[in-house]
Amino acid sequence: MRIYNLIRHFALILIFIITSFLNTPALSIQKGSLEYDDNRVDYSVMDPEPIQTEADYYLDTALVTDDEQIRQGLLEVAAGKYFLLSKINPQAVTPYVQLARIYDITKHDRYAKEYFYRATNLENLSPFANFYFGEYYFRRDDFRRALRYYQIAYQNGYDNIYELNLRLAVIYEKLGDLENAKKFYTSASSIDATETNILNKIEQINQLNYDKSEYYHNFIRE
């Protein structure tokens, strides 16, 4: 197992070195060679499944990689593959969402929003697209916009997702709606009972007596 991990780590480093050497970062691929050569490429003959598998692997690995340089290299490779998938099937929502997530992570806000809008324009009720669009705004403390997208995700199949219930609870608490905060903390706790900190949060809200809270009444007036 140790040898396998060493080989895997070396492979990730090699990927980063190759992408750096070629100097063709996938995060700008849409402005680069693939777009330029669109008329010469027959995307219809490409099999999207292995590309999707590889793209997901590189993104998932990047998300748990601590080394910033390797992480950046993995994100670039993943972005290139998701961009290719968007050319193979321009009506597929997933590649746009994944590209948006990568741009979100790398702080390219303009491109992140552009791809999120592409995804939600294709499927405005997609829970996958709306959840991660909500994540985009949540990271930037824009809680009201985050709430809008989280609610769409919740109402369209993501109601049993722990992270979403927790996000909704946190947002409602920050906005002063302690009744809904308690509701979603309770839902999150029922999904994952191992998170004992949530039980403490629920108890704190109970002690605040939410219906007499000034924050709560300010929220209702808005």
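See above for the structure.
Residues numbered from 1 in each chain as written. Predicted model: local features only at pLDDT ≥ 70, side-chain atom pairs only at ≥ 80, totals over all residues. Heavy atoms only, no water.

1. Description of the overall build of the chain
Move 1: Secondary structure summary: the chain contains 12 helices and 0 strands in total.
Move 2: Along the chain, from the amino end to the carboxyl end, the secondary structure elements read α-α-α-α-α-α-α-α-α-α-α-α.
Move 3: Here the chain holds 222 residues, and 41% of them are scored as buried.
Move 4: Within the chain, contacts between residues at least 6 apart in sequence are counted, and of these 57% link residues at least 24 apart.
Move 5: When the accessible area of the chain is evaluated, it comes to approximately 13,000 Å², of which 51% is carbon and sulfur surface. (Helix = DSSP H or I, 4+ residues; strand = E, 2+ residues; numbered from the N terminus. Buried < 20%, exposed > 50% of the residue type's maximum accessible area, 1.4 Å probe, protein only. Contact = heavy atoms within 4.5 Å. Areas by Shrake-Rupley, 256 points an atom, 1.4 Å probe, with all protein chains shown as cover.)

2. Here we look at the side chain of Ser 126
Move 1: Positionally, Ser 126 belongs in the loop between helix H6 (109–122) and helix H7 (127–139).
Move 2: One polar contact links the side chain of Ser 126 to the main-chain amide nitrogen of Ala 129, over a distance of 3.1 Å. (Polar contact = N/O pair within 3.5 Å; in protein donor to acceptor, adjacent residues only side chain to side chain.)

3. Description of the nonpolar core
Move 1: Ranked by size, the top nonpolar core spans 57 residues in total, and within it Tyr 82, Tyr 150 and Ile 171 carry the most contacts.
Move 2: Residue contributions to this core peak at 11 residues, all from helix H4 (residues 68–88).
Move 3: With sequence-adjacent residues up to four places away left out, Tyr 82 is seen in contact with Gln 52, Ala 55, Asp 56, Leu 59, Pro 95, Gln 98, Leu 99 and Ile 102. (Core = buried A, V, L, I, M, F, W, Y, C linked by side-chain atoms within 4.5 Å.)

4. Quick look at the environment of Leu 85
Move 1: Mapping Leu 85 onto the fold places it in helix H4.
Move 2: Its relative accessible area of 4% is what places Leu 85 among the buried residues.
Move 3: For the pair Leu 85 and Met 46, spaced 39 residues apart in the sequence, the C-alpha separation amounts to 9.2 Å.

5. Topic: the packing of aromatic side chains
Move 1: Under the defined criterion, the tally for this structure stands at 20 aromatic pairs.
Move 2: Judged by centre distance (5.8 Å) and plane angle (5°), the rings of Tyr 103 and Tyr 115 are stacked. Here the residue Tyr 103 occupies a position in helix H5 (residues 93–105), and Tyr 115 occupies one in helix H6, the gap between them amounting to 12 residues.
Move 3: Looking at Tyr 103, the relative accessible area reads 3%, which means it is buried.
Move 4: Accessibility expressed as a relative area gives 1% for Tyr 115, which makes it buried.
Move 5: Taken together, a centroid distance of 5.3 Å and an interplanar angle of 25° make the contact between Phe 133 and Tyr 137 stacked. In this pair, Phe 133 and Tyr 137 are both assigned in helix H7, 4 residues apart and thus about one turn of the helix distant.
Move 6: Looking at Tyr 137, the relative accessible area reads 6%, which means it is buried.
Move 7: By the ring-pair criterion, three or more aromatic residues cluster together here, those being Phe 128, Phe 131, Tyr 132, Phe 138, Phe 143, Tyr 150 and Tyr 158.
Move 8: Stacked on the ring of Tyr 132, the Lys or Arg Arg 101 has its end atom at 4.0 Å from the ring centre.
Move 9: For Arg 140, the ring lying beneath its charged end belongs to Tyr 136, and the centroid distance is 3.8 Å. (Phe/Tyr/Trp six-rings, centres within 6.5 Å; stacked < 30°, edge-to-face > 60°. Lys NZ or Arg CZ within 6 Å of the ring centre and 35° of its normal.)

Such coordinate-based values are descriptive only and should not be taken to indicate function.
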